[in-house]
Amino acid sequence: MSVTIYHNTACGTSRTTLQLIRDAGIEPVIIDYVKQPPARAELVDLIARAGLSVRAAMRDKGSLYDELGLADPGLSDDGLFDAMQAHPILINRPFVVTELGVRLCRPADKVREILPPA
């Protein structure tokens, strides 16, 4: 099974998710999304396939979210996508893609929903 993880090595949840994938006997394609952010169309697709709103896919912890005023409910999805494209650290993580679906794996155990049965 092909598995791709949009990973941030600085994130404990992302590291745990990666380990759960490996524990299932799968070596995933690892994309360091902070260094290699997904193109806008790819990000739009990931979020839609995960069944999330743009806001739910945005990391709202940390000073950057506050500094940019991203809590403003009047901001459009386009504005939120612009912020995530300009500052990929604002993309919540980790997103995992398999043949069984796409999940934002928070908590890490959500990855089991899209891995093959043991």
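See above for the structure.
This one's a predicted model, so the numbers in the text were calculated from it and none came from an experiment.

Caption draft 1: Looking closely at helix H4 (residues 77-86). Along H4, the residues that are buried comprise Leu-80, Phe-81, Ala-83 and Met-84. Taken around the axis of H4, the buried residues stretch over an arc of 160 degrees, which confines them to a single face. Those residues of H4 that are buried are in contact with helix H2 (40-49).

Caption draft 2: Local environment of the sheet that holds strand E2 (residues 29-32). Pairing is mixed across the open sheet formed by four strands, whose spatial order is E2-E1-E3-E4. In this open sheet, the two edge strands, each paired with only one partner strand, are E2 and strand E4 (101-104). In this sheet, neighbouring strand axes are inclined to one another by 15 degrees on average, regardless of whether the strands run parallel or antiparallel. Taken together, the four bridges between strand E3 (residues 95-98) and E4 define a ladder with antiparallel strand orientation. The residue bridging Phe-95 from the neighbouring strand is Leu-104, located in E4.

Caption draft 3: Looking closely at unusual backbone geometry. Following Arg-93, the chain continues into Pro-94 via a peptide bond in cis, with omega recorded as -5 degrees. Structurally, the position occupied by Pro-94 is in the loop between H4 and E3. Following Arg-106, the chain continues to Pro-107 via a peptide bond in cis, the omega torsion being 5 degrees. Structurally, the position occupied by Pro-107 is in the segment after E4.

Scoring rules and cut-offs
- Residues numbered from 1 in each chain as written.
- Predicted model: local features only at pLDDT ≥ 70, side-chain atom pairs only at ≥ 80, totals over all residues.
- Heavy atoms only, no water.
- Buried < 20%, exposed > 50% of the residue type's maximum accessible area, 1.4 Å probe, protein only.
- Helix = DSSP H or I, 4+ residues; strand = E, 2+ residues; numbered from the N terminus.
- Arc of directions from axis to C-beta.
- Contact = heavy atoms within 4.5 Å.
- Pairing = 2+ DSSP bridges.
- Axes fitted to C-alpha atoms, helices over the stretch in contact; angles between N-to-C directions.

By themselves, these are just geometric observations and shouldn't be taken as functional.
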